[in-house]
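One letter stands for each residue in the lines below.
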Amino acid sequence: MAEVSHERWANQLEYLLSCLGYAVGIGNIWRFPYLCYKNGGGAFLIPYFLTLFVCGIPLVYLETTLGQFSSAGCISIFNINPLFKGAGYAVVVLNIIAVTYFAAIMSYPLLYIYHSFSLPLPWQSCGNSWNTEKCTEITGNSTFIASTGSLTTPEDEFFHIRLLQMSSSINEIGGIVWPIFFCNVICWILVYLCICNGVKSVGKIVYFTVLFPYVVLFALFIRGVTLPGAAQGILYFILPDWSQLKNAKVWADAATQIFYSLGPGWGGLVSMASFNKFHYNNLRSSIIIPIVNSGTSIWAGFVVFSVLGFAAERAGVPVGQVATAGPGLAFVTYPAVVTLMPAPNFWAITFFVMLFFLGIDTMFVTIEAVIAGLLDEFPKLRMRRKLLTLMTCLVLFCISIICNTKGGFHIIGLLDSHVAIACVPIVCAMELIAAVYTYGQNKLSIDVLFMTGRPLRRFWLLLWRYILPVVLLVITVYSLREASGLAGWCVALASVICIPIHALRTIYMSRGPIFDRIRENCRPNAEWGPSESDIRQRWNSFRDKKRRSVPLAIMNNEAYNL
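Keep in mind that what you see is a predicted model, and the values were worked out from it rather than measured.

> Sorry if this is basic, but what is going on with the nonpolar core here?
One recurring pattern in soluble globular proteins is that nonpolar side chains are buried together. Core analysis: the largest hydrophobic core is formed by 188 residues, its most contacted members being Ile29, Trp188, Ile195, Phe331, Met363, Ile367 and Trp464. Broken down by element, this core gets its largest block of residues, 20 residues, from helix H15 (residues 344-377). When neighbours within four sequence positions are excluded, isoleucine 367 is seen to be in contact with Val99, Trp188, Val191, Ile195, Thr392 and Leu396.

This is how it looks when you write it as structure tokens:
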């Protein structure tokens with residue numbers, strides 16, 4: 001294999017921050033807190049942390065190990081099993097679809113930041129040109145409901161009528177909403193400027209974009225817990241309902257939240273790990289990243305529910321009536337809450353700046369995963385990386401314009417709820433099969449020992465081989481139940497279709513009987529292994545020495561030693 005120059009992180013802190021920026025996103029703010037309170041409060045943390053340790057951490061460790069060992073992106077790591085390489089192309093398609101609608105979502109915080117400089121806040125009252133006769137302002141004697149059949153709040157109308165100019169259904173796409181379009185342009189310009197030099201620029205940017213949201217979150221936490229009614233909201237969030245643990249859906253929700261929050265199967269973790277120094281011990285960071293991600297989710301729950309408790313007390317309603325999830329929490333409920341605080345403009349700007357930086361980190365790594373995958377497959381493009389990055393951003397921007405229309409929010413909802421439900425668990429399952437079953441746990445153990453200088457513990461092999469396949473099957477079945485309509489299934493399968501197409505093409509291009517073709521293409525090809533020639537030579541010598549000096553039975557025992 002010809003040696004190809006590969007980018008490296010300047011230090012391992014850059015890698016850690018980049019992975020944290022990727023894993024910690026807006027879902028930690030607008031999904032986990034609501035999911036926790038709905039599924040038993042503090043009791044939900046039992047299945048949540050259990051799935052974190054038996055599913056989340058092992059998957060992160062496996063992906064970062066494969067990426068670091070091969071210095072390869074989401075496509076080239078499947079050189080370990082070329083028959084499965086279609087899964088790498090599926091990840092690229094998945095990220096292309098995801099980042100196009102996610103860029104549109106990141107336009108919303110920018111618009112809110114702009115409008116937050118207005119005095120008073122434009123969503124503070126119903127006396128605006130866009131408000132309808134159904135608009136009702138929140139008072140101490142009114143119900144705090146974002147939208148009912150007969151009443152709406154000024155925050156709800158500001159978001160859906162003023163900002164989105166939202167059409168009645170996905171069948172009415174309508175024209176471009178120009179403020180959203182221009183904010184989308186700003187997002188893509190910022191993204192390009194931050195990633196145009198690869199990890200050299202991303203590694204420096206994340207010091208600010210990852211750490212700053214934690215500073216803001218801390219400020220919001222202090223502000224939230226000092227508000228009247230905050231204790232009521234926090235108790236509502238953490239008070240355990242042990243009976244919920246008997247509900248299978250609670251356990252499925254916990255596994256699904258861990259799975260989609262950490263980002264295995266999306267290619268981002270593989271891509272970030274591929275820039276590590278070869279002999280870096282990735283186990284420690286593979287544990288730190290999921291734990292910090294989960295800790296941030298819980299901390300965000302305290303922030304969110306402290307202010308929801310305040311809003312509930314001011315509105316004179318139960319906390320459950322003001323608790324929402326998803327964009328409704330970020331762009332309707334929270335703006336409503338800040339209008340009740342002292343200095344509402346300051347807290348509005350603070351919240352939406354934090355939301356923007358939480359999301360922009362995810363965009364960095366998602367696009368970098370696409371670019372890294374393409375560069376690994378087409379090394380000659382490395383000489384024109386800036387041009388490739390520019391063209392990728394331009395193409396993705398053009399695709400994202402469909403989400404800047406009056407029907408764009410409907411499209412975002414369709415894509416967000418379906419794009420990953422089939423592809424991500426299937427890709428993770430194929431990584432497991434390729435690494436543990438077809439490549440083999442013995443070879444994998446030798447590779448980890450050579451790379452890190454430490455043996456692979458039996459614990460990880462047991463989880464990868466027996467526990468994770470069952471968890472992935474449950475997540476796949478549970479997620480696919482959420483698919484609805486022809487359009488939903490088309491979105492869900494748009495990326496997955498790459499897997500059988502590539503497998504059939506690979507088998508067709510091979511020679512011999514059909515089963516021999518399949519068997520041959522399940523073996524690593526000549527490209528698998530360390531990318532640097534000197535390390536590759538030492539790896540080949542190390543493997544040969546192990547195979548000659550250690551009988552198979554003894555090698556199996558060594559692989560399982562604790």
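> How should helix H22 (residues 498-509) be read in this particular structure?
Three or four residues apart is the spacing at which side chains of an α-helix point the same way, because the helix has 3.6 residues per turn. Across its 12 residues, H22 extends 16 Å between first and last C-alpha, which sits within 8% of the 16 Å expected from 1.5 Å per residue. Buried residues of H22: Cys498, Ile499, His502, Ala503, Thr506 and Ile507, and no others. Burial along H22 is one-sided: seen end-on, the buried residues are contained in an arc of 155°. Every exposed residue of H22 that faces more than 90 degrees away from the buried side is listed here: Ile501, Leu504, Arg505 and Tyr508.

> Which parts of the structure should I look at to understand H15?
Helix length check: H15, at 34 residues, gives a terminal C-alpha distance of 50 Å against a target of 50 Å (1.5 Å per residue), a fit within 8%. Burial runs high along H15: 31 of the 34 residues are buried.

> Whenever I open this one, the environment of alanine 300 confuses me. Can you help?
You can see alanine 300 is positioned in helix H13 (residues 282-315). Linking alanine 300 and proline 33, residues 267 residues apart in sequence, is a C-alpha distance of 7.0 Å. Contacts of alanine 300, omitting those with residues within four sequence positions, involve Asn28, Ile29 and Pro33.

> Any chance you could explain the packing of aromatic side chains here in plain terms?
In this description, a pair of aromatic rings is defined by centroid distance and the angle of the planes. According to the stated counting rule, one finds 48 aromatic pairs in the structure shown. Here the guanidinium or amino end of arginine 162 rests over the ring plane of tryptophan 130, the centre of that ring lying 5.5 Å away. A cation over an aromatic ring shows up here: arginine 543 above the ring of tryptophan 539, its NZ or CZ 3.8 Å from the ring centre.

> I keep staring at the environment of serine 125 and nothing clicks. Help me out?
Along the chain, serine 125 turns up in the loop between helix H5 (86-115) and helix H6 (154-163). Along the primary structure serine 125 and cysteine 135 are separated by 10 residues, whereas in three dimensions their C-alpha atoms are 8.8 Å apart. For serine 125, the residues in contact, after removing those within four places along its chain, are Asn131, Glu137 and Pro154.

Criteria and cut-off values
- Residues numbered from 1 in each chain as written.
- Predicted model: local features only at pLDDT ≥ 70, side-chain atom pairs only at ≥ 80, totals over all residues.
- Heavy atoms only, no water.
- Core = buried A, V, L, I, M, F, W, Y, C linked by side-chain atoms within 4.5 Å.
- Buried < 20%, exposed > 50% of the residue type's maximum accessible area, 1.4 Å probe, protein only.
- Helix = DSSP H or I, 4+ residues; strand = E, 2+ residues; numbered from the N terminus.
- Contact = heavy atoms within 4.5 Å.
- Expected span 1.5 Å × (residues − 1).
- Arc of directions from axis to C-beta.
- Phe/Tyr/Trp six-rings, centres within 6.5 Å; stacked < 30°, edge-to-face > 60°.
- Lys NZ or Arg CZ within 6 Å of the ring centre and 35° of its normal.

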